[in-house]
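So you can see what is in the structure, the chains are spelled out below.
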Amino acid sequence: MTDRYCVFGNPIGHSKSPLIHARFAALTAQALTYEAMLAPLDGFAAAMHAFAAAGGNGANVTVPFKEEAFRLCDRLTPRAQAAGAVNTLVFGSDGILGDNTDGAGLLADLTRNHGLEIAGKRLLLCGAGGAARGCLAPLVAAAPASLTIANIVPEVARELAALAAPNLPAAGGDFADLAGKSFDIMINATSVSLNDGELALPEGVFAPGAFAYDLMYKAGETSFLKQAQRMGAATLVDGLGMLVEQAAEAFALWRGVRPPTAPVLAELRELLGH
Ligand code: NDP
């Protein structure tokens, strides 16, 4: 029987994961199927167990089920444990293993695809939700000079900053706390671009030559990247590369083969018209 994978989400129609994994499978000559699965908002656990019982080998998990998946797994990788969220499941005879490949995907995109040097730079992470939490450990491991986390609810940002604190100078607060500070790299892990909104950033927050990254992607520029450009950021990058790289991490975990990402990213960019 052909190995089976899927992505669970709600909604799920927009997901690019089936396309990405089909291309990875073709490029690495792996025989598998990968489908999009709409799980009811109150029925993720049942859908996941049914897929595993029907012979499913693994799955990805997207909004809004990543935290629930974390709670349902029998075992967690250290990076899933650190993230408090799971985006990759492996179904085995010894139960369900949960992993989180988002942070590794972000780092691969920043450093391999865009050649960004993080070491020694002043880094600002906006947002303190699931994606920010998942990206924190790999960002800290990249040794920035300092890490600042800004969030509407400042307590959550302080909590996240405290997790990083033993390893580097880190501070958390709200967006008003950014007044008078500037940063070399800004990563937007808020969902502000989903609604075409902007962040409450003070003038001068982008240092000369600053690099701005939005985890969100869409056809055309995201609202955060438009704002970053207006406020002086020199380089603007959206999260499509992260999407492809986190998928490659999951594929490598499932199949033991690392797929090439550049041709798949190029195809997706063409599909989205940028
Ligand atoms: P969550 O809902 O867990 O977190 C959302 C965060 O955004 C919270 O910190 C929230 O702050 C903040 N926020 C929401 N609205 C605003 C606003 N108007 N101004 C400032 N902050 C705001 O979402 P995720 O962490 O799962 O996802 C965040 C983004 O990352 C999404 O756009 C998602 O599409 C993208 N993403 C992309 C991936 C990729 O592969 N490219 C992978 C994973 C996520 P508070 O809690 O204080 O309200």
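You'll find the structure just up there.
About the cut-offs
Residues numbered from 1 in each chain as written. Predicted model: local features only at pLDDT ≥ 70, side-chain atom pairs only at ≥ 80, totals over all residues. Heavy atoms only, no water. Near = heavy atom within 4 Å. Polar contact = N/O pair within 3.5 Å; in protein donor to acceptor, adjacent residues only side chain to side chain. Areas by Shrake-Rupley, 256 points an atom, 1.4 Å probe, with all protein chains shown as cover. Helix = DSSP H or I, 4+ residues; strand = E, 2+ residues; numbered from the N terminus. Nonpolar A, V, L, I, M, F, W, Y, C, P; charged D, E, K, R; others polar. Buried < 20%, exposed > 50% of the residue type's maximum accessible area, 1.4 Å probe, protein only. Contact = heavy atoms within 4.5 Å. Phe/Tyr/Trp six-rings, centres within 6.5 Å; stacked < 30°, edge-to-face > 60°. Salt bridge = Lys/Arg side-chain N within 4 Å of Asp/Glu carboxyl O. Axes fitted to C-alpha atoms, helices over the stretch in contact; angles between N-to-C directions. Parallel < 35°, antiparallel > 145°, perpendicular 65-115°, else oblique. Left-handed = near helix turned anticlockwise from the far one by under 90°.

Enquirer: Describe the site of the ligand, naming the residues involved and giving the relevant values.
Expert: Near the ligand, the surroundings consist of 23 residues, among which A128, G130, A131, N151 and L215 are the closest. In the environment of the ligand, an oxygen atom lies 3.3 Å from a nitrogen or oxygen atom belonging to the backbone of G129. Here an oxygen atom of the ligand sits 3.0 Å away from a polar atom, N or O, in the main chain of G130. Coverage of the ligand by the protein amounts to 71% of the 940 Å² it exposes when considered alone. Taken together, the elements giving at least two residues each to the shell around the ligand come down to α6 (130–141) and α9 (240–255). Taken together, the residues of the shell around the ligand sort by class into 14 nonpolar, 7 polar and 2 charged.

Enquirer: Can you lay out the environment of N87 for me, pointing to particular residues and giving the numbers?
Expert: By the element assignment, N87 lies in the loop between α4 (78–83) and β5 (88–92). Judged by relative accessible area, N87 falls into the buried class, the value being 3%. In this structure the C-alpha to C-alpha distance between N87 and T101, which are 14 residues apart in sequence, comes to 6.8 Å. Once residues lying within four places of it in the same chain are set aside, the contact partners of N87 are A59, N60, V61, K66, D99, N100, T101, D102 and Q246. Among the polar contacts listed, one links the side chain of N87 to the side chain of Q246, at a separation of 3.2 Å.

Enquirer: Give a description of the packing of aromatic side chains that names residues and reports values.
Expert: In total, this model carries 7 aromatic pairs according to the counting rule given. Each ring, one from F8 and one from F51, has its centre 6.0 Å from the other, and the planes form 90°; the classification is edge-to-face. Residue F8 is found in strand β1 (residues 3–9), and its partner F51 is found in helix α2 (residues 44–53); the two are separated by 43 residues along the sequence. Pair check on accessibility: F8 and F51 agree, each one buried. Three or more aromatic residues joined by ring pairs make a cluster, and in this case those are F8, F44, F51, F65 and F91.

Enquirer: Provide a residue-level description of the pattern of salt bridges, including the pertinent values.
Expert: When charged atoms on two side chains of opposite charge get close, those side chains can pair. A complete count under the given rule lists 14 salt bridges for this structure. Across the pair E249 and R258 runs a salt bridge, and its minimum N-O distance is 3.1 Å. The class of R258 is partly exposed, set by a relative accessible area of 46%. A single network of salt bridges, built from pairs that share partners, joins R79, D99, E249 and R258.

Enquirer: Got a sec to walk through the packing of helix α5 (residues 102–113) against α9? Specific residues and values, please.
Expert: Helix packing for two helices is described by the angle between their axes and how far apart those axes are. Running from amino to carboxyl end, α5 crosses α9 at an angle of 120°, the nearest separation of the two axes being 7 Å. With respect to α9, the element α5 is oriented oblique. The handedness of the crossing between α5 and α9 comes out as right-handed. Contacts from D102, A104, G105, L106, A108, D109, R112 and N113 of α5 reach α9 at G241, M242, E245, Q246 and E249.

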